[in-house]
Amino acid sequence: MPKRLTEEQVARYWRDGFVAPITVMTEDQAAGLRARIEALERAHGPLHYTVKPTLFVTAADEMAHWPALLDAVEDILGPDILAWDSAFIIKEPGTSKFVSWHQDLTYWGLDKVDDVVSVWLALSPATVESGTMSMIPGSHRTHAAHRATADADNILSRGQTVDVAVEDLARAVPIVLRPGQMSLHHGLVLHASGGNRSTDRRIGFNMNLITPSVRQTVVADDTALALRGTDRFGHFRPEPRPTSDFSDEGCAFQAAVARARGASVNADPAGRLVNRVSRQRA
Ligand SMILES: O=C(O)CCC(=O)C(=O)O
């Protein structure tokens, strides 16, 4: 018996490679989290695509541990859950920034495909107009060939792109979410998103969750955040939870993680390593 999803939603996830929308909080709760994040942005600068905000943003840590969110993930992954990665993915109003068609797992170095679930939680309306993701049902069953592209508007660090057949593009499903709703997608489902033609910011909190049995094959000494259950494998060094926003310890840990992943790290005017790092991910 699933905890949060219906049997039909669980079956749909495995059949299509994604399921949405899943309501995990009220719009008021989402608005409250958004307000906290935007206050931090005013104080510290943009949070878009910073590496692992769960290490230094308490609102991100709260979302990662949100019981209704984890109940839905547990229905897919089982009771033992780690967060391998997280990011805010923010598209400003009017931006032409986009995400090309890709499969998440292509560059992550994780050795299992069915033990990785991506969460995308909306903190503002995610609509076709605001540049929400579209996904191709059933595309998670095969690995697709990616090629590198160079387009300054592509949010993906390598500009990796899959050439999707026209008939598959016609089947793509837009993932429309109200604030407080989320989607879950399989690490191999083909997905993409367009620019933001709306007048509001499109703010998503994205997490890549795994079971502890998954191994990292590329990054040495990789870390993960324990969210639920037990880690009987110890494949990832445990991450600390933030006790306050932008604490020195949280920022230092985040900077070290970002460096280990090969991301470029900048120092802030006070000389402290902070979060303004490019996110090194697929
Ligand atoms: O936020 C977006 O537009 C794309 C997000 C994405 O590619 C992902 O969550 O895997």
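Please refer to the structure higher up on the page.
Residues numbered from 1 in each chain as written. Predicted model: local features only at pLDDT ≥ 70, side-chain atom pairs only at ≥ 80, totals over all residues. Heavy atoms only, no water.

Draft legend 1. Main features of the site of the ligand. Close to the ligand lie 13 residues, the nearest being Asp104, Trp120, His191, Ser193 and Arg202. Measuring from an oxygen atom of the ligand, one finds a side-chain N or O atom of histidine 185 at 3.3 Å. For the ligand, whose free accessible area comes to 290 Å², the fraction covered by protein is 98%. Residues of the shell around the ligand, tallied by class, amount to 4 nonpolar, 5 polar and 4 charged. (Near = heavy atom within 4 Å. Polar contact = N/O pair within 3.5 Å; in protein donor to acceptor, adjacent residues only side chain to side chain. Areas by Shrake-Rupley, 256 points an atom, 1.4 Å probe, with all protein chains shown as cover. Nonpolar A, V, L, I, M, F, W, Y, C, P; charged D, E, K, R; others polar.)

Draft legend 2. How the structure looks around unusual backbone geometry. Note that the residue after alanine 20, namely proline 21, is joined by a cis bond; omega there is -5°. Tracing the backbone shows proline 21 in strand 1 (residues 18–23). Positioned with a positive phi, lysine 52 is a non-glycine residue whose angle comes to about 40°. Turning to its location among the elements, lysine 52 is positioned in the loop between helix 2 (27–44) and helix 3 (58–64). For lysine 52, a relative accessible area of 1% corresponds to the buried category. Phi at aspartate 221 takes a positive value of approximately 55°, unusual for a residue other than glycine. You can see aspartate 221 is positioned in the loop between strand 9 (202–210) and strand 10 (223–228). Classification of aspartate 221 as exposed rests on a relative accessible area of 52%. (Helix = DSSP H or I, 4+ residues; strand = E, 2+ residues; numbered from the N terminus. Buried < 20%, exposed > 50% of the residue type's maximum accessible area, 1.4 Å probe, protein only.)

Draft legend 3. Geometry of the sheet that holds strand 3 (residues 99–102). Spatial ordering of the open sheet is given by 3-8-5-6, a layout of 4 strands whose pairing is antiparallel. Every other strand in the sheet has two partners, leaving strand 3 and strand 6 (173–174) as the edge strands with one partner each. With 2 bridges joining them, strand 5 (residues 133–135) and strand 6 adopt antiparallel strand pairing. Within the sheet, the bridge partner assigned to serine 134 lies in strand 6 and is proline 174. (Pairing = 2+ DSSP bridges.)

Draft legend 4. Quick look at the nonpolar core. Counting 49 residues, the largest nonpolar core has Val57, Leu69, Phe88, Met182, Leu184 and Leu209 as its most contacted members. Looking at this core element by element, the count peaks at 7 residues for helix 4 (residues 67–77). Filtering out sequence-adjacent residues up to four positions away, valine 57 remains in contact with Leu40, Leu47, Phe88, Pro242, Asp245 and Phe246. Core analysis: the second largest hydrophobic core is formed by 15 residues, Tyr49, Ala87, Ile175 and Val189 among them. (Core = buried A, V, L, I, M, F, W, Y, C linked by side-chain atoms within 4.5 Å. Contact = heavy atoms within 4.5 Å.)

Draft legend 5. Broad picture of the sheet that holds strand 7 (residues 181–186). The 7 strands lie next to each other as 1-7-4-9-2-10-11, forming an open sheet whose pairing is mixed. Only two strands of the sheet have a single neighbouring strand rather than two, namely strand 1 and strand 11 (237–238). Alignment of strand 1 against strand 7, held across 4 bridges, turns out to be antiparallel. Note on strand 7: the bridge partner recorded for phenylalanine 18 is histidine 185. Packed on one face of the sheet, helix 1 (residues 7–16) meets strand 1, strand 4 (116–122) and strand 7 and runs near 145° to strand 1. (Axes fitted to C-alpha atoms, helices over the stretch in contact; angles between N-to-C directions.)

Draft legend 6. Looking closely at helix 4. Burial within helix 4 is extensive, with 10 of its 11 residues counted as buried. Of all the residues in helix 4, the buried ones are Ala68, Leu69, Leu70, Asp71, Ala72, Val73, Glu74, Asp75, Ile76 and Leu77. Glycine 78 sits one or two positions beyond helix 4 and adopts a positive phi of about 95°.

Draft legend 7. A look at the pattern of salt bridges. A full pass over the atoms with the stated rule returns 18 salt bridges. The closest approach of N and O atoms between arginine 15 and aspartate 16, which form a salt bridge, is 2.8 Å. Arginine 15 gets classed as partly exposed once you look at its relative accessible area, which sits at 47%. Take aspartate 16: its relative accessible area is 12%, and that puts it in the buried class. The shortest N-O distance in the salt bridge between arginine 178 and glutamate 27 comes to 3.1 Å. Of this pair, arginine 178 sits in the loop between strand 6 and strand 7 while glutamate 27 is found in helix 2, placing the two residues 151 residues apart along the sequence. Here arginine 178 falls in the partly exposed class, since its relative accessible area comes to 47%. For glutamate 27, a relative accessible area of 42% puts it in the partly exposed group. By sharing partners, the salt bridges in this structure join Arg34, Glu38, Glu41, Glu92, Asp200 and Arg201 into a single network. (Salt bridge = Lys/Arg side-chain N within 4 Å of Asp/Glu carboxyl O.)

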